[in-house]
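# Summary of the model geometry
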Amino acid sequence: METQQKTLTQPTRKPRPTRRAIQKELKAQTKDEQPYPEYRNFIQSHYDGIAGKLTALSGLLTGHALFAGRVLNPSAFDIAGCKRILDAGCGNGRHCKYLLRHADPDAFIAAFDLSQRMLLRAKRNYGDDRIHYIAADLTCLPYPDDFFDAVVCGWVLEHLPDPRPGLWELCRIMRPGGKLLLMTTEDTLAGILASKLWHCRTYNRKELKVVCEECGFIWHRPHYFTLLHRIFRLGGIIIELHKA
Ligand SMILES: C[S@@+](CC[C@H](N)C(=O)[O-])C[C@H]1O[C@@H](n2cnc3c(N)ncnc32)[C@H](O)[C@@H]1O
């Protein structure tokens, strides 16, 4: 994917000084001056290395590893009855654990990641025969059209300078009516700090909604790890999307 569109829909009103300062900071993290293949190689080696190792620790410190189970369960993002399930950008396999726990026993579960080392970590953590791991790029997936009933994509989309190629690809491989649990870094203070550490961008919730709809999704309902996350805008954007 040589050409990546660089920005989301721009807000029409002139940003206030604080907002301008934040946007400047955010821009520094998107690396949009870099061609996508170069940025992708950087991200791959980033996660192959120490950053990838640290995801287990950061998952514990932020609570994301523990809280994932509050969203990936039958009372929130329910995968019962879904026969083909995908963990997109599985990392160390944090979400695979819950997919294995809640998926129907006969469900096919696939997981991919850009980083071979992350795949090894996921296999080491959740090397269950039911999960089919492969190396792939979110913007160019080796799955057929209309294939998956449910997809989880956690904290990966922020690694695309433009979310559209990734969202289009996810939409392509999902069956109409299929559900996607999308988790991504938000343009809050906590999100900006996280983006510095992980060399990613952040998303504005309203702008992301427009882009998701443009890519063929219905913005179904938000999820929050806890009430405190909801009140203090912590934990990023966690949204359930349905393929239109
Ligand atoms: C912050 S980790 C999240 C991993 C996992 N989903 C979780 O929630 O724990 C981001 C992962 O996305 C992967 N990634 C980044 N860009 C990607 C791309 N274009 N295609 C596939 N995977 C990608 C990285 O290799 C890394 O494992």
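Please read these numbers as outputs of a predicted model, since none were measured by experiment.

## Examining the overall build of the protein
Along the protein, the regular secondary structure elements total 10 helices and 7 strands. Of all 244 residues assigned to the protein, the portion counted as buried reaches 54%. Taking contacts inside the protein between residues at least 6 apart in sequence as the whole, the part at least 24 apart equals 74%. When the accessible area of the protein is evaluated, it comes to approximately 11900 Å², of which 58% is carbon and sulfur surface.

## Points about a nonpolar patch on the surface
Residues Leu227, Leu228, Ile231, Phe232 and Leu234 make up a contiguous nonpolar surface patch of about 540 Å² in total accessible area. The residue Leu234 is located in the loop between α10 (227-231) and β7 (237-243) in this model. Since its relative accessible area comes to 37%, Leu234 is described here as partly exposed.

## Observations regarding the packing of helix α7 (residues 164-173) against helix α9 (residues 205-214)
Contact geometry of α7 with α9 gives a least axis separation of 9 Å together with a crossing angle of 45°. It follows from the interaxial angle that α7 and α9 lie oblique. Pair α7 / α9 crosses with right-handed handedness. Contact residues: Arg164, Leu167 and Trp168 in α7; Val211, Cys212 and Glu214 in α9. Across the contact of α7 with α9, the residue classes tally to 4 nonpolar, no polar and 2 charged.

Cut-offs used in this document
Residues numbered from 1 in each chain as written. Predicted model: local features only at pLDDT ≥ 70, side-chain atom pairs only at ≥ 80, totals over all residues. Heavy atoms only, no water. Helix = DSSP H or I, 4+ residues; strand = E, 2+ residues; numbered from the N terminus. Buried < 20%, exposed > 50% of the residue type's maximum accessible area, 1.4 Å probe, protein only. Contact = heavy atoms within 4.5 Å. Areas by Shrake-Rupley, 256 points an atom, 1.4 Å probe, with all protein chains shown as cover. Patch = residues over 30% accessible without salt bridge, like charges linked within 9 Å, V, L, I, M, F, W, Y side chains within 5 Å. Salt bridge = Lys/Arg side-chain N within 4 Å of Asp/Glu carboxyl O. Axes fitted to C-alpha atoms, helices over the stretch in contact; angles between N-to-C directions. Parallel < 35°, antiparallel > 145°, perpendicular 65-115°, else oblique. Left-handed = near helix turned anticlockwise from the far one by under 90°. Nonpolar A, V, L, I, M, F, W, Y, C, P; charged D, E, K, R; others polar.

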